Amino acid sequence: MSKSIFELVDELPTGGITVMAMKSLDTLIPGQWQNLTGFDNTIRAVTGETDEALIQQIGERAVALYNDKSQGYQRAYWLYDTVQSGSGLLGAAALANRIGQDTFLGFLKNVTPKPEKAQSIDLSVKLVTELVAFCQINGIPGDSIGDFLGALGDYSGESLMRMAALVCFDGLIPLGPEFAEKALGNVQSSNTSDLEGNQTYKSVKDLIPGDSSDDKLGFIAKSFDSTKGWMQNFVSSTGATQSGLMHNLKGFIDFTDDKADYVGALLDMNVKYYRHTGIQTLVRRLIERAVAEI
Amino acid sequence: MIATPRTFLVPALLSLSLVVVGCDKKSPSPYDQVQKATKGQSAVSKEAVNGSQFNRYFPKSANGFSVVAAQEKKGFAEHKVNKGGKNVAMLSISDTISTPASASKYKQSTSKIAGFPAVDQGQNGTGVLVGDRFQVKAQSRDPSFTKQDRVTWIQKFNLNGLSQLK
């Protein structure tokens, strides 16, 4: 059974590997992301209100808006949740076979990093998922790349953290400094069977604009091409580097320096940043609307 | 070799992530009742005006404040007011045809803004009801944006235009 919006927000973790991995990005976007959890707590933080009766009233309208499927908020949650599970599926299956047989470093020897093409498709499909979810939440037609690009410049808080994690964990770490060019090249040279064989794509393909896989591949490539500049600018303006990111991650994951691609695979399996920050974005928009409508 | 807490922690977390957590008893939430009442229900009236029709009545960017479209749904449109890259306020128009209680609170109104009944809500919100139907609100998101600023910004909407909208 699907969960209510207040359950999703109340159950967001305050610690663990997802939260720690995102906190390691704080140096790139200082102070942008506080891990806001708890439904009432989020209402207080977003609106600045303290009156309990008013908070309850805002919360009730937000619950009702989420429950109305036609409003798009449930679909956005589904996208954020599904794209994350799809991408980690392969790794989780590999990991399940190793648990109990190896030490952690032994496990790392046995996990196979994704091939570059698969990683490139993952990155670009996740980016398109952000675009589609953004349109669902904000009520903009689903193929509106221009509106999304305009809004990216205004991204802050948990939305900016999600994009930072996308660039760093799915781009820079597994693919290196030229990740954007590399991924675009890989996506442009992909055919529909590459796309259809990709678990991340399969998980969300129904909501990607386009009538056929060929159309959808075209949309993915076009969206990635349009957003590439933003991603490259994010890297140069924040000074993010593969070695710097790895250094920060070492605070809580043990690995040797030559294991960048393995760390990418490990993050892919265990760090649920899309789902986590997706819920945070979604509830913020719901609360903003609810407080305006009551 | 004795495992350090850190080397032990990672495999432990990894294994945990694979375990399907069983049923846990949920404590009651103050939202259980509304969840039950609204599940699968429509929250927006079919008669509501599309949010895209509201955009033209919003104030424009001026004097260092930029007004940026944020949400546009059936019966609702919201724009952010940013200053120096920081969000300082939210401006919205909503169709109270979906939320009649939102309109009825203006019956108790004792003040007016630009001739329309006005109310303050909580510490950060001020609204007016236009044409007995459309709620126009300004909400502070930063202490620099005062109650007086909210009144000033509500006056910047094309309220008379909006009152003609059907």
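Scroll up a little and you will see the structure.
Residues numbered from 1 in each chain as written. Chains lettered and ligands numbered in written order. Predicted model: local features only at pLDDT ≥ 70, side-chain atom pairs only at ≥ 80, totals over all residues.

(A) Region of the structure containing the nonpolar core. All names here are of chain A. Among the nonpolar cores identified, the biggest contains 116 residues, and Ile5, Ala62, Ala165, Cys168, Leu286 and Ile287 are the most heavily contacted of them. Broken down by element, this core gets its largest block of residues, 12 residues, from helix 7 (residues 116-138). Among all residues touching Ile287, those that are not within four sequence positions of it are Thr42, Ile43, Val46, Thr47, Ile58 and Ala62. (Core = buried A, V, L, I, M, F, W, Y, C linked by C-beta atoms within 7 Å. Buried ≥ 20, exposed ≤ 12 C-beta atoms within 10 Å, placed from the backbone. Helix = DSSP H or I, 4+ residues; strand = E, 2+ residues; numbered from the N terminus. Contact = placed C-beta atoms within 7 Å.)

(B) Broad picture of the packing of helix 9 (residues 157-175) of chain A against helix 10 (residues 179-188) of chain A. Residues and elements named next belong to chain A. At a minimum axis separation of 9 Å, helix 9 and helix 10 run at an interaxial angle of 95 degrees. Here helix 10 runs roughly perpendicular to helix 9, going by the angle between their axes. The segment helix 9 lies against helix 10, with Gly171, Leu172 and Leu175 engaging Phe179, Ala180, Lys182 and Ala183. (Axes fitted to C-alpha atoms, helices over the stretch in contact; angles between N-to-C directions. Parallel < 35°, antiparallel > 145°, perpendicular 65-115°, else oblique.)

(C) Region of the structure containing the sheet that holds strand 7 (residues 134-140) of chain B. All names here are of chain B. Spatially, 1-2-3-7-6-5-4 is the arrangement adopted by the 7 strands of the open sheet, whose pairing is antiparallel. Pairing within the sheet leaves two strands with one partner each, and these edge strands are strand 1 (65-73) and strand 4 (111-113). Neighbour-to-neighbour, the strand axes of this sheet turn through a mean angle of 30 degrees, independent of strand direction. Relative to strand 5 (residues 116-121), strand 4 runs antiparallel, the two sharing 3 bridges. Looking across to strand 5, one finds that Lys112 is bridged to Pro117. (Pairing = 2+ DSSP bridges.)

(D) The environment of Lys73(B), seen in detail. Residue placement: Lys73(B) occurs in strand 1. Note: C-alpha distance between Lys73(B) and Ala114(B) (41 residues apart in sequence) is 26 Å. Lys73(B) has contacts with Gln71(A), Gly139(A) and Gly51(B), leaving out every residue within four places of it along the chain.

(E) Here's a closer look at the pairing of strand 2 (residues 76-83) of chain B. All names here are of chain B. Of all 8 residues in strand 2, 6 are buried; the element is thus mostly enclosed. Bridging between strand 1 and strand 2 involves 8 bridges; their strand directions are antiparallel. Bridge pairing links Lys73 to Phe76 in strand 2. The hairpin turn running from strand 1 into strand 2, its antiparallel successor, is 2 residues long, and Gly75 in that turn takes a positive phi close to 80 degrees. Inspection of the sheet shows strand 2 paired to strand 3 (residues 86-95) by 8 bridges, in the antiparallel sense. Across the sheet, the residue bridging to Glu78 is Ser92, located in strand 3. The hairpin formed by strand 2 and strand 3 contains 2 residues between the paired strands, and Gly84 there has a positive phi angle of roughly 55 degrees.

(F) Inspection of helix 9 of chain A at higher detail. All names here are of chain A. The first and last C-alpha atoms of helix 9 sit 26 Å apart over 19 residues, in line with the 27 Å expected at 1.5 Å per residue. Largest kink in helix 9: about 30 degrees, centred on Cys168. Most of helix 9 is tucked away: 17 of the 19 residues are buried. Looking at the residues trailing helix 9, positive phi occurs at Gly176, about 90 degrees. (Expected span 1.5 Å × (residues − 1). Bend = angle between axes of the 7 residues up to and from the residue.)

(G) Summary view of helix 10 of chain A. Along helix 10 of chain A, the residues classified as buried are Phe179(A), Ala180(A), Ala183(A), Asn186(A) and Val187(A). Each buried residue of helix 10 of chain A sits inside an arc of 135 degrees when the element is viewed along its axis, so together they form one side. (Arc of directions from axis to C-beta.)

(H) Molecular detail of the packing of helix 3 (residues 39-47) of chain A against helix 4 (residues 52-67) of chain A. Residues and elements named next belong to chain A. The geometry of helix 3 relative to helix 4 is characterised by a closest axis approach of 10 Å and an angle of 105 degrees between their N-to-C directions. If you check the angle between helix 3 and helix 4, you find them roughly perpendicular. Residues Phe39, Asp40, Ile43, Arg44 and Thr47 of helix 3 touch helix 4, and the partners they reach there are Ile55, Ile58 and Gly59. Tallied by class, residues from the contact of helix 3 with helix 4 come to 4 nonpolar, 2 polar and 2 charged. (Nonpolar A, V, L, I, M, F, W, Y, C, P; charged D, E, K, R; others polar.)

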